[in-house]
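Read off the chains here:
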Amino acid sequence: MSAILMLFGSLGGLVVLLVILLLRRTRNPTESAEGLRIEQEARRQAQMDRVSYNARAVHNSMPTAGDSYQKRHHRG
């Protein structure tokens, strides 16, 4: 019985720690213009990826020159 209580206690403690960690992360928004631009670009890229690589797009069509992997800009 004590082993089960210890298991639930440790899992509860882990949940509390994760909640505190997530709450602390959301309190520090990006303040610089460069950081905001990077976040905006990452959101835009994630949206393009969700549209281009969903199950219907991947399994039901051939790649074309207009697919998003052709449009990505890589810095060298």
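Residues numbered from 1 in each chain as written. Predicted model: local features only at pLDDT ≥ 70, side-chain atom pairs only at ≥ 80, totals over all residues. Heavy atoms only, no water.

## Digging into the overall build of the chain
So, point 1. Counting its secondary structure elements, the chain contains four helices and zero strands.
So, point 2. Going from the N terminus to the C terminus, the chain shows its helices and strands as α-α-α-α.
So, point 3. Across the 76 residues that make up the chain, the buried fraction comes to 4%. (Helix = DSSP H or I, 4+ residues; strand = E, 2+ residues; numbered from the N terminus. Buried < 20%, exposed > 50% of the residue type's maximum accessible area, 1.4 Å probe, protein only.)

## Some remarks on a nonpolar patch on the surface
So, point 1. Together, Ile-4, Leu-7, Phe-8, Leu-11, Leu-14, Leu-18 and Leu-21 line one region of the surface with nonpolar side chains, adding up to about 670 Å² of accessible area.
So, point 2. Counting through the fold element by element, Phe-8 comes out in helix α1 (residues 2-26).
So, point 3. By relative accessible area, which is 55% here, Phe-8 ends up exposed. (Patch = residues over 30% accessible without salt bridge, like charges linked within 9 Å, V, L, I, M, F, W, Y side chains within 5 Å. Areas by Shrake-Rupley, 256 points an atom, 1.4 Å probe, with all protein chains shown as cover. Salt bridge = Lys/Arg side-chain N within 4 Å of Asp/Glu carboxyl O.)

## Quick look at the confidence of the model for the chain
For residues with low pLDDT, the predicted coordinates do not support detailed interpretation.
So, point 1. Looking at the chain, the pLDDT average stands at 78 and 64% of residues meet or exceed 70.
So, point 2. Between the elements of the chain, mean pLDDT differs from a low of 54, seen in helix α4 (residues 68-71), to a high of 91, seen in α1. (pLDDT = per-residue confidence, 0-100.)

## Side note on the pattern of salt bridges
So, point 1. Tallied over the full model, the rule gives three salt bridges.
So, point 2. A salt bridge links Arg-43 to Glu-39; the nearest nitrogen and oxygen atoms lie 3.7 Å apart. With Arg-43 and Glu-39 both in helix α2 (residues 33-52), this residue pair falls four residues apart, about one helical turn.
So, point 3. Assessed through its relative accessible area of 32%, Glu-39 is described here as partly exposed.
So, point 4. Two residues, Glu-41 and Arg-44, come together in a salt bridge whose shortest N-O distance is 2.6 Å. Taken together, the residues span about one helical turn, with Glu-41 and Arg-44 both in helix α2 at a distance of three residues.
So, point 5. Given the relative accessible area of 38%, Arg-44 is considered partly exposed.

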